[in-house]
Amino acid sequence: MIRRTPYALAKLLAASLAMALPAAAQNAELGAENYMQADANGDGVLVYAEFATFIDLNAADGLGNAARVSSRGMHARAFERVDANGDGIVSPQELQALQ
């Protein structure tokens, strides 16, 4: 059995999108980098404060709806939506499920 870390899953997601569209690939790679940068404690998942940082990094890079979420202060609402199982953390799998 191959065990994948959350970072590997983020990279795998970026790589799979890279095959679809060049611009999407760049955005996916940048999103994966932002995820890793926001994960302050390096545990592979994002608590609310880390998720807010992730949104703000994506907003600064013009990725997805992050600028709208950030400018309207809707971090908490977005976190609740992404945290599908309600465990208080956002995993790469939960982010991928939104794709």
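I will try to describe carefully the structure that is included in this document.

About the cut-offs
- Residues numbered from 1 in each chain as written.
- Predicted model: local features only at pLDDT ≥ 70, side-chain atom pairs only at ≥ 80, totals over all residues.
- Heavy atoms only, no water.
- Helix = DSSP H or I, 4+ residues; strand = E, 2+ residues; numbered from the N terminus.
- Buried < 20%, exposed > 50% of the residue type's maximum accessible area, 1.4 Å probe, protein only.
- Areas by Shrake-Rupley, 256 points an atom, 1.4 Å probe, with all protein chains shown as cover.
- Patch = residues over 30% accessible without salt bridge, like charges linked within 9 Å, V, L, I, M, F, W, Y side chains within 5 Å.
- Salt bridge = Lys/Arg side-chain N within 4 Å of Asp/Glu carboxyl O.
- Lys, Arg positive; Asp, Glu negative; His and termini not counted.
- Charge placed at Lys NZ, Arg CZ, Asp CG, Glu CD.
- Expected span 1.5 Å × (residues − 1).
- Phe/Tyr/Trp six-rings, centres within 6.5 Å; stacked < 30°, edge-to-face > 60°.
- Core = buried A, V, L, I, M, F, W, Y, C linked by side-chain atoms within 4.5 Å.
- Contact = heavy atoms within 4.5 Å.
- Polar contact = N/O pair within 3.5 Å; in protein donor to acceptor, adjacent residues only side chain to side chain.

1. A word on the overall build of the protein chain
Working step 1: On a plain count of helices and strands, the protein chain comes out with 6 helices and 0 strands.
Working step 2: Taken across its 99 residues, the protein chain has 36% of its residues classed as buried.
Working step 3: For the protein chain, the accessible surface area stands at approximately 6100 Å², while carbon and sulfur atoms represent 55% of it.

2. A short note on a positive patch on the surface
Working step 1: Side chains of Arg68, Arg72, Arg77 and Arg81 sit close together on the surface and give a patch of like positive charge.
Working step 2: Tracing the backbone shows Arg72 in the loop between helix 4 (66-71) and helix 5 (75-82).

3. Some points on helix 3 (residues 48-60)
Working step 1: Along its 13 residues, helix 3 runs 18 Å from first to last C-alpha, staying within 8% of the 18 Å computed at 1.5 Å per residue.
Working step 2: Where helix 3 terminates, the next one or two residues include Gly62, which has phi positive at roughly 70°.

4. A word on the packing of aromatic side chains
Working step 1: The final tally for this structure, using the stated rule, is 4 aromatic pairs.
Working step 2: Between Tyr35 and Phe54 the ring centres are 5.7 Å apart and the planes differ by 80°, which places this aromatic pair in the edge-to-face class. Residue Tyr35 is found in helix 2 (residues 22-38), and its partner Phe54 is found in helix 3; the two are separated by 19 residues along the sequence. The same class applies to Tyr35 as to Phe54, namely buried.
Working step 3: Taken together, the ring pairs in this structure connect Tyr35, Tyr48, Phe51, Phe54 and Phe79 into an aromatic cluster.

5. As for the nonpolar core
Working step 1: Core analysis: the largest hydrophobic core is formed by 16 residues, its most contacted members being Tyr35, Leu46, Phe51, Phe54, Val90 and Leu95.
Working step 2: The set of elements that each furnish at least two residues to this core consists of helix 2, helix 3, helix 4 and helix 5.
Working step 3: Top contributing element to this core by residue count: helix 3, with 5 residues.
Working step 4: Beyond its immediate chain neighbours, meaning those up to four positions away, Leu46 contacts Tyr35, Ala38, Asp39, Phe51, Phe54, Phe79, Gly88, Ile89 and Val90.

6. So, the side chain of Glu94
Working step 1: Within the secondary structure, Glu94 sits in helix 6 (residues 92-97).
Working step 2: Salt bridges are absent for the buried Glu94, whose nearest opposite-charge side chain, Arg81, sits at 12 Å.
Working step 3: There is a polar contact of 3.4 Å between the side chain of Glu94 and the backbone nitrogen of Asn85.
Working step 4: Separated by 3.0 Å, the side chain of Glu94 and the backbone nitrogen of Ser91 make a polar contact.
Working step 5: When sequence neighbours within four positions are dropped, the list of residues in contact with Glu94 reads Val82, Asp83, Ala84, Asn85, Asp87 and Ile89.

7. Examining the environment of Val90
Working step 1: Along the polypeptide, Val90 turns up in the loop between helix 5 and helix 6.
Working step 2: A relative accessible area of 0% places Val90 in the buried class.
Working step 3: Note: C-alpha distance between Val90 and Glu50 (40 residues apart in sequence) is 9.3 Å.
Working step 4: The contacts of Val90, once residues within four sequence positions are left out, are Tyr35, Val45, Leu46, Phe51, Phe79, Val82, Asp83 and Leu95.

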